[in-house]
Amino acid sequence: MKSSKEDAFDLSDSTDWLETPLPSLSSVDSALRCQVCKDYYTTPMITSCAHTFCSLCIRRCLNNDGRCPACRAQDQELKLRFNGAMEDLVEAFKKARPEIWLFANKPVEVLRAPSQSPSLKRSLDFEAVTKESPRKLRRTRSSGRNRPQERTVVVDSAEDDDDYVPEEGFVQCPVCQTSVKEDKINAHLDRNCEDQPPTRPHDKAPTRPHNKATTFGATDKPILRPERLPQLHYSMVKDNILRKKLADLGLSTGGTRQQLEKRYTEWVTLWNANCDATKPKGKGELKRELDVWERTQGSRAGSLKQDSGAQIREKDFDGQAWSSRHDDTFRQLIANARKKTPVKPTTPPEAGSGMVDLTGSPSPMKMPNQPPEEPVEAQEDMDMAYPEDFLPQTIEEFPTKQISKRRFFEESTADRSELPPSSQYLGIASDITTVRPIQP
Amino acid sequence: MATNFASKRLSKELSKINGQLPPGIALVKAEDFQEWLLDIKVLDQNPLYLNQTYRLKFKFSPSYPIEPPEVTFLLCADRPIPMHPHIYSNGIICLDLLGQQGWSPVQNVESICMSLQSMLTGNTKNERPEGDQQFVANNRRRPRDIDFYYHDNTV
């Protein structure tokens, strides 16, 4: 992951401005950045609680816990709306940033020089700024829409109706005032100007009907607006159907169920975020992004949940209600466990002693110095695997417990006599004894 | 080489941290985007933590900041584990901000450090959490897999 440091080297940050003579720009810069990725907004979307994030960031967050990262209010992907003004602002600022940066980092004497008629200097700067910024804005907006004409930028169209000269090959539509290719104007009018991109295309973006792929940049190459994909309720989808869905999308169908779900979710997230974008990317590029995701996250996808039940639980899981509802069951389990505990520590030695009694084999055991804990498991294994005379090892070390041992032994031998040695009962008994060394 | 969003975001945080940090917080080690070490101090006169520095270990998953980082206090020669009713003696911190429920992607390394600072500052009890011994002896899980039950809203 270290190498990723190199290609992520666009590390501009809002705090960069603090060391310049323009520290107040820091808050401007920071207001144009997504709180999740700390980068300038990419396709900013506004939530129902009126917070703005990158489309991809907020969709990932909502997929994860369904809450707004800023205020923790619940929200849904469907309710996100494109924040076009913010995108324009970001684009404008990003373009202006290098210039402002240069200006802010000019040698100090130029800025401070008191003798060089400061008023003149200021007026010059002011002029430069006023000249520059509106033009910038226009260029940004129009290029953002991928449209060659400046027409959409002008807010008050009536003002310059007279002096507006359409570009060559274009005519102005008499109805909607936008410029249309001359040979398309009749078709355009026939369709009630509907093929024309709206002045603010984003207002409609999220609600655009799926079946009607609107064309952008109608004048040159039309960009097909992709349809949004729905997220799946994975609990209702079987493996093979999920695989088929992935295959239909042209995605890999390998990996565990977990990985399949994660891959599908991420694809839908990438895809839908791309649908919000002013200039949607091609499917190939999205696939590369998914591939990057798969390589950096996918390996984790498998290991993520296998170890913890916590991941599966709902976010709003009410532990208290659950525990009170199942209190009886828990109590009973505890009681059952308690019933068994006195038996536990005694099982192995007493199994040994029992064997001795039964078989009348030579008197046991002679390793008084042996630590009591350690041999237990091994012994239990032997109990299962070897004939009786291997067993008697630690009897003397538990003299005070002999009685209870014996009682249990009698029960267990009784069971043994009734059941074949491979019976479940033996299995359980061995489980109990192997648990024992952990007990304090 | 693929850059995932965690590395991107962490590199931004790192460049910011390298620039400046709030008082009482210092970066110790950040050589990759998986594990960072930071030192924090409590700045006021709280006698429990006076003149002490504590080391924090951050572990980031590739899903950071969608998922919270794993933050624990690290015991070193001159870096004790602070005494607090929500900090176990093995350094595991019970703070809802660091769990799936309380975490929000707008949090960052700096804000976590500041939250922990203020969590220590506000504490007056010189004690470990209930069942500390048992927890420390038996816990083999990673902090993110533990289901803490957050009951104390005064923190």
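Quick notes on the rules
Numbers given to residues run from 1 along each chain, matching the order in which its sequence is written. Whichever chain is written first is A, and whichever ligand is written first is 1; the rest continue in order. Per-residue local features are limited, in this predicted model, to residues with pLDDT of at least 70; the limit for side-chain atom pairs, both in listing and counting, is 80 or more; totals at the level of whole chains, interfaces and linings are taken over all residues. The numbering of helices and of strands both runs from the N terminus, where a helix is a DSSP run of H or I of at least 4 residues and a strand a run of E of at least 2. Think of it as a crowd count around each C-beta: if 20 or more other C-beta atoms lie within 10 Å the residue is buried, if 12 or fewer it is exposed, and in between it is partly exposed, with C-beta placed from the backbone throughout. Angles run from 0 to 180 degrees between N-to-C directions of axes, and those axes are lines fitted to C-alpha atoms, restricted for helices to the stretch in contact. What makes a crossing left-handed is the near helix being turned counterclockwise from the far one by less than a right angle; a clockwise turn instead makes it right-handed. Whether two residues are in contact is decided by their C-beta atoms, placed from the backbone, lying within 7 Å. We call two strands paired when DSSP finds no fewer than two bridges between them. Here roughly perpendicular refers to angles of 65 to 115 degrees, roughly parallel to angles under 35, roughly antiparallel to angles over 145, and oblique to all remaining angles. Polarity classes work like this: nonpolar for Ala, Val, Leu, Ile, Met, Phe, Trp, Tyr, Cys and Pro, charged for Asp, Glu, Lys and Arg, and polar for all others, with Gly in that last group. The predictor reports its confidence for every residue as pLDDT, a score running from 0 up to 100.

A. How the structure looks around the overall build of chain A. In terms of regular secondary structure, chain A is built from 16 helices and seven strands. The burial tally for chain A puts 20% of its 440 residues in the buried class.

B. Representation of the packing of helix H3 (residues 55-65) of chain A against helix H9 (residues 257-276) of chain A within the structure. Residue and element names in this part refer to chain A. With their axes 9 Å apart at the nearest point, H3 and H9 run at an angle of 145° to one another. Read as a crossing pair, H3 and H9 show a hand that is right-handed. Residues Ser 55, Leu 56, Arg 59, Arg 60 and Asn 63 of H3 lie in contact with H9, whose contacting residues are Thr 265, Thr 269, Leu 270, Asn 272, Ala 273 and Asp 276.

C. The arrangement of the sheet that holds strand E1 (residues 25-29) of chain B in detail. All names here are of chain B. On the basis of which strands lie adjacent, the open sheet formed by four strands has the order E1-E2-E3-E4 and antiparallel pairing. Only two strands of the sheet have a single partner each, and these edge strands are E1 and strand E4 (70-74). Pairs of neighbouring strands in the sheet enclose a mean axial angle of 30°, with direction left out of account. Where strand E2 (residues 35-41) and strand E3 (residues 53-59) come together, seven bridges link them in antiparallel fashion. Looking at the pairing, Ile 40 lines up with Tyr 54 of E3.

D. Main features of H3 of chain A. Residues and elements named next belong to chain A. Among the 11 residues that make up H3, nine are buried, leaving the element largely enclosed by the rest of the structure. When H3 is considered as a whole, its buried residues turn out to be Ser 55, Leu 56, Cys 57, Ile 58, Arg 59, Arg 60, Cys 61, Leu 62 and Asp 65. Those residues of H3 hidden inside the fold are in contact with strand E1 (44-46), strand E2 (52-54) and H9. Backbone geometry just downstream of H3 places Gly 66 in the positive-phi region, at approximately 65°.

E. Up close: the sheet that holds strand E3 (residues 81-82) of chain A. Residue and element names in this part refer to chain A. Read across the open sheet, the three strands follow the order E2-E1-E3; overall the sheet is antiparallel. The open sheet terminates on both sides in strands that have one partner only, identified here as E2 and E3. Across three bridges, E1 lies against E2 in antiparallel orientation. In the strand pairing of E2, Met 45 is matched with Phe 53.

F. A look at the packing of helix H8 (residues 239-248) of chain A against H9 of chain A. Residue and element names in this part refer to chain A. H9 packs onto H8 with a crossing angle of 40° between their chain directions and a minimal axis gap of 11 Å. Regarding the angle of H8 to H9, the classification is oblique. Helix-helix and strand crossings are classified by hand; for H8 and H9 the assignment is left-handed. Taken together, the residues of H9 that come into contact with H8 (itself represented by Asp 239, Leu 242, Arg 243, Lys 245 and Leu 246) are Arg 257, Leu 260, Arg 263 and Tyr 264. Of the residues contributing to the contact of H8 with H9, the split by class is four nonpolar, no polar and five charged.

G. Layout of the pairing of E1 of chain B. Residue and element names in this part refer to chain B. Direction of pairing for E1 relative to E2: antiparallel, over a ladder of four bridges. The residue bridging Leu 27 from the neighbouring strand is Leu 38, located in E2. In this antiparallel pair of consecutive strands, E1 and E2, the connection spans five residues.

H. Representation of the confidence of the model for chain B. In the predicted model, chain B carries a mean pLDDT of 88, and the fraction of residues at 70 or more is 92%. Model confidence for the complex is summarised by a pTM of 0.55, with the ipTM given as 0.80.

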